[in-house]
Every structure is written in structure tokens, then in C-alpha cells.
Amino acid sequence: MNDKFLKTMKKPIRIHHIALLFMILFSACSVFQWEKDTVKNGIHFTKVRQADASGVYIGLTDRNISYDGYEVVQGWMHFHPDWKLKAFQTARPVQVGVNILPAHTWLFPDSLGIITSCVLPEDQEIQGILCLGGGGISGIYAGFYPSGKLKGCYPVHNIEIDGVPCSNSLLFPVCLYEDGHLKSCKLSASFSRNNKTFKKGDCIEIDPDGNVRKMAK
């Protein structure tokens, strides 16, 4: 699994979530130059602005809209600089790979339109794991590969995957390879493999050959 995803999932509130929270928090501040009651790219916004540094558009709508093939709940929407969706709340269930994500899920497409992560409106089972949901745009993420296979999430309960006891820690996700085998987790109990013993609370990574190493927390 790529390190970029793990680093993002390890700090869901301190990194990506805080950036999104700041966008919303500062939306009420007069320091930004908001355009109000305007139409941009065919969308009527109560207010909208473009972030100077990233070029990302942030807008507030007062009605559900159809856009980019999705039904979008009224409220905050984020767009890539080319006006492709970047963050939005879906008004209808959306299929990501074999997974059906329910209405009111926050979806986060990349610049190619591929859903890379989401915040579920409530706890939901995905690929046999009960993933933590709730919290809106600043909630706890579940991540996906481009194929739609689950890349990582925060389980509701301690779980066992491939014989490894995984913790439901909110500080370290359970991450999977695309084939569903365990990539990394925080241990909920001691665990031994290949004459090595790891303690409860250790964060471990397993390579494709099954070799285990301890990771920095």
C-alpha cells in the first residue's frame, strides 16, 4: 500500500480533515472575497469563491442539484480547479466498485473523477468489515483503490484479518492490499509470526510475502 494513503489515514483529523474544516470554518469570515447569489459553471451558488493557493472552488448551494453524473445534496461543495467535483454529499446511493455507498455519504473524487475516499453517514459493512461512519465532511474516512476495493478504514470493533488481531483505534487505520489481505494495523493483542512477537498496541505492516515489521506510531 502506498505511504501517502497511510499517512493520510493515520491522521484523519489533523491533516485532510482540518483542511476541509478550515474551508468551512472560514467560509463565514469576511476576509475571503465571496461572490454571492451567482451562477458558476451552470450551478447557482448562494456564495462561492476560489482558493488562491490551490485553485479549488468552494461553494454553497440552496438546493439539490445534478452534476458530474451525481445527485448532490444542497450545501457545501468543493471543486477541482477545472470544476470537477472534489468533495460533496450524495443525495442517492453510489456504487464504488462492488460497494454501494448510501445517500448522504460524503464522497471525495480525485482530479480524474475516481472516488478515493468517503465519510459514511453511519457505520456500514464494506468487504466484511464494519467501518466507522458519521461526522459529516470532517468524519472518519474509508479509502478505496481505483478499482473500488477497500484500501483502509477505521473498524467499529476490534477484528481479526488473516489471523492478525487488529485494533479499532481511531489513531491508526486498518489498511488492506487490493486483494483484501491485511497490509497494516495496530494490534489489539499480542501476535507472533516467524519467531517474532509483537505486543498489543504495536503498529505493524505486512509485506506481500507475509513478513511483518513494526512501524513507528
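Only a predicted model underlies this, so the values are computations on that prediction, with no experimental measurement involved. Each chain carries its own residue numbering, running from 1 in the direction its sequence is written. Only residues with pLDDT of at least 70 are given local features in this predicted model, and only at 80 or more are side-chain atom pairs given and counted; all residues enter the totals for whole chains, interfaces and linings. Remark: hydrogens and water are excluded; side-chain values derive from all non-hydrogen atoms of the structure.

1. Focus on the nonpolar core
Link 1 in the chain: Core analysis: the biggest nonpolar cluster contains 40 residues, and F79, L150, V164, L182 and I204 have the highest contact counts within it.
Link 2 in the chain: What counts as a helix is a DSSP run of H or I of at least four residues, what counts as a strand is a run of E of at least two, and both are numbered from the N terminus. If one sorts the elements of this core by residue count, strand β2 (residues 43-50) sits on top with three residues.
Link 3 in the chain: In what follows, a contact means two residues having at least one pair of non-hydrogen atoms within 4.5 Å. In contact with I204, other than residues within four places in its own chain, are V164, K183, S184, C185, L187, F191, F198, V212, R213, K214 and M215. Here, the term nonpolar core denotes a set of buried Ala, Val, Leu, Ile, Met, Phe, Trp, Tyr and Cys residues that are joined through side-chain atoms within 4.5 Å. Relative accessibility thresholds used throughout: buried, under 20% of the residue-type maximum; exposed, over 50%; partly exposed, between the two (1.4 Å probe, protein chains only).

2. Examining the pattern of salt bridges
Link 1 in the chain: Salt-bridge detection follows one rule: a side-chain nitrogen of Lys or Arg within 4 Å of a carboxyl oxygen of Asp or Glu. The final tally for this structure, using the stated rule, is five salt bridges.
Link 2 in the chain: Here K183 makes a salt bridge to E205, at a shortest N to O gap of 2.8 Å. With K183 in strand β19 (residues 182-186) and E205 in strand β22 (residues 203-206), this residue pair connects regions lying 22 residues apart in the sequence.
Link 3 in the chain: Given a relative accessible area of 8%, K183 falls into the buried group.
Link 4 in the chain: Across the pair K214 and D202 runs a salt bridge, and its minimum N-O distance is 3.5 Å. Placement of the pair is K214 in strand β23 (residues 212-215) and D202 in the loop between β21 (196-198) and β22, with a sequence separation of 12 residues.
Link 5 in the chain: Connected through salt bridges with shared partners, the residues K183, E205 and R213 form a single ionic network.

3. Remarks on the pairing of β23
Link 1 in the chain: Bridge analysis of β22 against β23 gives four bridges, and the strand direction is antiparallel. Considered in β23, the bridge of E205 is made with R213. Should DSSP find at least two bridges between two strands, the strands are regarded as paired.

4. Quick word on the confidence of the model for the chain
Link 1 in the chain: Per-residue confidence from the predictor is given as pLDDT, running between 0 and 100. A residue-level look at the chain finds 85% of positions with pLDDT of 70 or above and a mean pLDDT of 89.
Link 2 in the chain: Counted against residues more than four places away or in other chains, residues 24-30, with its pLDDT under 50, gives nine contacts.

5. Digging into the packing of aromatic side chains
Link 1 in the chain: The criterion for an aromatic pair is that two Phe, Tyr or Trp rings (for Trp, the six-membered ring) have centres within 6.5 Å, with stacked assigned to planes under 30 degrees apart, edge-to-face to planes over 60 apart and tilted to the rest. Summed over the entire model, instances satisfying the criterion amount to eight aromatic pairs.
Link 2 in the chain: Summarising the aromatic geometry, the rings of W34 and W76 are spaced 5.9 Å apart at their centres and angled 55° between planes, so their arrangement reads as tilted. Here W76 lies in strand β6 (residues 76-79) and W34 lies in the loop between α2 (13-25) and β1 (35-40), a separation of 42 residues in the sequence. In this structure, W34 and W76 share a single accessibility class: buried.
Link 3 in the chain: Measuring from centroid to centroid gives 6.1 Å for F45 and W83, while their planes differ by 35°, and the two rings are tilted. Of this pair, F45 sits in strand β2 while W83 sits in the loop between β6 and β7 (85-89), and the two are 38 residues apart along the sequence. Here F45 and W83 have matching classes, each one buried.
Link 4 in the chain: An aromatic cluster of three or more residues is present, and its members are F45, Y57, Y67, F79 and W83.
Link 5 in the chain: One residue, K47, lies across the ring of W34, its end atom 5.1 Å from the ring centre.
Link 6 in the chain: Two conditions define a charge located above a ring, namely a distance within 6 Å from the ring centre to NZ of Lys or CZ of Arg, and an angle within 35 degrees of the ring normal. A cation over an aromatic ring shows up here: R49 above the ring of W34, its NZ or CZ 5.4 Å from the ring centre.

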